[in-house]
Amino acid sequence: MDDRKIVEVARAMLEEGGLASLSMRKLATELGVAPTAIYWHVGGREELLGRILDDMTAERPPILPVGDTPRARIRSVAHSMRSEVHLTPLLRQLSIELGRTAELALPCQVVVARELAAAGLSGDALEHAATSLLYTVGGFIALDVLIGGHLRRGPRTHELWSVLEPEGVTPEVADRMRRPSDEDAVFARTVDLLLDALLPPDPPG
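### A look at the nonpolar core
In this structure, Ile-74, Met-81, Val-112, Leu-116, Leu-133, Val-137 and Leu-199 are the most contacted members of the largest nonpolar core, which totals 25 residues. Broken down by secondary-structure element, the contributors of at least two residues to this core are helix 5 (70-87), helix 7 (101-118), helix 8 (123-148) and helix 11 (183-198). It is helix 8 that contributes the most residues to this core, 8 residues altogether. Excluding anything up to four places from it in sequence, Leu-199 contacts Arg-71, Ile-74, Leu-116, Ala-119 and Leu-121. Ile-6, Met-13, Leu-19 and Leu-91 belong to the second largest nonpolar core, which has 24 residues in total.

Okay, here's the thing in structure tokens:
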């Protein structure tokens, strides 16, 4: 038995059942060895999870901006950042479990900073634009995770509006608030509005 085999089997268990599915005892049973053999080869559970996270991080494709204008390129980066979280939930879970979310976010921040500089921003304007964009995307990602998990167990906010008749809110407004949100459309509108505020107009032509 070698280290790679242990890491591969542990990763397969995580991909099938999530973080709760992996214990050193279950992994030892899966491998047909004593738990002490695993500790000897790869250390404890946290070290093993770190090895898996390292592998997954190395496999991440780079974020490649797409578009003919700075606005289009930065918009594509924002959408890629959000999409990656949906495509790699285990990567996100491991980074949270091990306290390595900043490490995971850094490559995205580098791309954002580079694209904003290429768009002509510098100094305070670049810093403010980068933090505004990153916090906005990060906020949507956090809501995606929350809505996809805990909030799915109960009624959504728009559903609770059906029993409200709040003072000062017209029936038309209340009716609008009762409609379910299209999170993807809201994200796209928000990013576009933010870029309108942060970036100079695209050159004509």
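### Re the pattern of salt bridges
Tallied over the entire structure, the rule returns 13 salt bridges. Here Arg-4 ties to Asp-55 by a salt bridge, and the two come within 2.9 Å at their closest N and O atoms. Of the two residues, Arg-4 is situated in helix 1 (residues 3-17) and Asp-55 in helix 4 (residues 45-59); the sequence distance between them amounts to 51 residues. Since its relative accessible area comes to 18%, Asp-55 is described here as buried. One salt-bridge network, in which partners are shared between bridges, spans Arg-11, Glu-15 and Glu-59.

Cut-off values and rules
- Residues numbered from 1 in each chain as written.
- Predicted model: local features only at pLDDT ≥ 70, side-chain atom pairs only at ≥ 80, totals over all residues.
- Heavy atoms only, no water.
- Core = buried A, V, L, I, M, F, W, Y, C linked by side-chain atoms within 4.5 Å.
- Buried < 20%, exposed > 50% of the residue type's maximum accessible area, 1.4 Å probe, protein only.
- Helix = DSSP H or I, 4+ residues; strand = E, 2+ residues; numbered from the N terminus.
- Contact = heavy atoms within 4.5 Å.
- Salt bridge = Lys/Arg side-chain N within 4 Å of Asp/Glu carboxyl O.

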